[in-house]
Amino acid sequence: MAENLIITEGDKEQQYQTLFPQIEALLAGETDMTANMANVAAALKQTFDFFWVGFYVVKEDMLVLAPFQGPIACTRIRHGKGVCGTAWKEAKTLIVPDVEQFPGHIACNAASRSEIVVPVIREGKVIAVLDIDSDKPDSFDEVDANYLERICGLL
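The residue count restarts for each chain, going from 1 along the sequence in the order it is written. Totals for whole chains, interfaces and linings use every residue, but because this is a predicted model, local features are given only for residues with pLDDT of at least 70 and side-chain atom pairs only at 80 or more, for both listing and counting. Hydrogens and water are ignored here; the side-chain numbers use all heavy atoms of the structure.

## Some thoughts on the overall build of the protein chain
Across its full length, the protein chain holds 4 helices and 6 strands. Counting from the amino terminus, the protein chain carries its helices and strands in the arrangement α-α-β-β-β-α-β-β-β-α. For a compact globule the rule gives 2.2 Å times the number of residues to the power 0.38, and the radius of gyration it is set against comes from C-alpha atoms. Expected size for 155 residues packed as a compact globule is a radius of gyration near 15 Å; at 14 Å, the protein chain falls within 12% of this value. Each of the three principal axes of the protein chain carries a C-alpha extent, and together these read 40 × 30 × 25 Å. Each residue is placed in one exposure class: buried if its accessible area under a 1.4 Å probe, protein chains only, is under 20% of its type's maximum, exposed if it is over 50%, and partly exposed if it falls in between. Burial statistics for the protein chain: of 155 residues in total, 43% are counted as buried. Any two residues whose heavy atoms approach within 4.5 Å are treated as being in contact. If you take every contact in the protein chain between residues at least 6 apart in sequence, the share linking residues at least 24 apart comes to 50%. For the protein chain, the distance from the average position of its 13 positive side-chain charges to the average position of its 23 negative side-chain charges is 8 Å. Comment: elements are numbered from the N terminus, with helices defined as DSSP H or I runs of at least four residues and strands as E runs of at least two. Neither His nor the chain ends contribute to the count of charged residues, in which Lys and Arg are positive and Asp and Glu negative. By convention, the charge on Lys lies at NZ, on Arg at CZ, on Asp at CG and on Glu at CD.

## Examining unusual backbone geometry
In this model, Ala 91 sits at a positive phi of 50°, which is unusual for a non-glycine residue. Of note, Ala 91 is situated in the loop between α3 (82-90) and β4 (94-96). Ala 91 gets classed as partly exposed once you look at its relative accessible area, which sits at 38%. Phi is positive for Glu 123, which is not a glycine, with a value near 50°. Tracing the sequence through the fold places Glu 123 in the loop between β5 (114-122) and β6 (125-134).

## Some points on the sheet that holds strand β1 (residues 52-59)
Picture the strands of a sheet paired through backbone hydrogen bonds; they go either parallel or antiparallel. Pairing is antiparallel in the open sheet, where 6 strands are placed in the order β3-β2-β1-β6-β5-β4. Across the chains shown, the open sheet's two edge strands, defined by having one partner strand only, are β3 (76-78) and β4. The sheet shows a mean angle of 25° between the axes of neighbouring strands, direction not considered. As paired elements, β1 and β6 share 6 bridges and run antiparallel to each other. Note on pairing: two strands pair once DSSP finds at least 2 bridges between them. A fitted line through C-alpha atoms represents every axis, and for helices the fit uses only the stretch in contact; the resulting angles, taken between N-to-C directions, go from 0 to 180 degrees.

## Quick word on the packing of helix α1 (residues 12-27) against helix α2 (residues 33-48)
α2 packs onto α1 with a crossing angle of 155° between their chain directions and a minimal axis gap of 11 Å. The orientation of α1 relative to α2 falls into the category roughly antiparallel. The handedness of the crossing between α1 and α2 is right-handed. Contact residues: Lys 12, Gln 15, Tyr 16, Leu 19, Ile 23, Leu 26 and Leu 27 in α1; Asn 36, Asn 39, Val 40, Ala 43, Leu 44, Thr 47 and Phe 48 in α2. Residues are sorted three ways: Asp, Glu, Lys and Arg are charged, Ala, Val, Leu, Ile, Met, Phe, Trp, Tyr, Cys and Pro are nonpolar, and all the rest, Gly among them, are polar. Classifying every residue of the contact of α1 with α2 by side-chain character gives 9 nonpolar, 4 polar and 1 charged. To sort the angles, those under 35 degrees are grouped as roughly parallel, those over 145 as roughly antiparallel, those from 65 to 115 as roughly perpendicular, and the leftovers as oblique. By convention, the crossing between two helices is left-handed when the near helix turns anticlockwise from the far helix through less than a right angle, and right-handed when the turn is clockwise.

## Describing the side chain of Asp 133
Within the secondary structure, Asp 133 sits in strand β6. Lys 45 is the oppositely charged side chain nearest to the buried, salt-bridge-free Asp 133, at an N-O distance of 11 Å. Contact partners of Asp 133, with chain neighbours within four places excluded, come to Phe 50, Phe 51, Trp 52, Ser 112, Ser 114, Glu 115 and Phe 140. Take a side-chain nitrogen of Lys or Arg and a carboxyl oxygen of Asp or Glu: if they are within 4 Å of each other, that pair is a salt bridge.

## Here we look at the pairing of strand β2 (residues 62-69)
Both β1 and β2 contribute to a ladder of 6 bridges, which runs antiparallel. Within β2, the residue paired with Val 57 across the bridge is Val 64. From the end of β1 to the start of β2, which pair antiparallel, there are 2 residues, and Glu 60 there has a positive phi angle of about 60°. Pairing geometry for β2 and β3, over 3 bridges, is antiparallel.

## Quick word on the packing of α1 against helix α4 (residues 142-154)
Interaxial distance between α1 and α4 falls to 10 Å at its minimum, and their mutual angle equals 5°. The angle between α1 and α4 places the two elements in the roughly parallel class. Contact residues: α1 offers Lys 12, Glu 13, Tyr 16, Gln 17, Phe 20, Ile 23, Glu 24 and Leu 27, while α4 offers Val 143, Asp 144, Tyr 147, Leu 148, Arg 150, Ile 151 and Leu 154.

Have a look at this one:
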């Protein structure tokens, strides 16, 4: 089923308020995780024009690249390594205003300047992470964390 995304002007919070119910409706009734991750990544990229938006799924002891929007990316990330691996290990959202200042940052693309990673948790266990990169420093804050955690909760 094709969907039309309604994108509003305004501040970040207003954009998330418009986007969230649309994502909720888009995911309603669909049980395939890959399809849902693909649509979430596309909706976030289309709404905010982030540099890179995508998922990594937990497969044994690695995060493995899953649906994304943006330039090519690292395929595998070890537990506890980089921002994604650290968010997985700590099972919490990480906001990195300047990736150059994050110890052990994995530079999948040199244009990335700031990042937010949100774990997707099911039954108390991290099963994936949502990774969003910006080509501008200090792009993410608690507004992003709040809405992105809610979106990941829908998966």
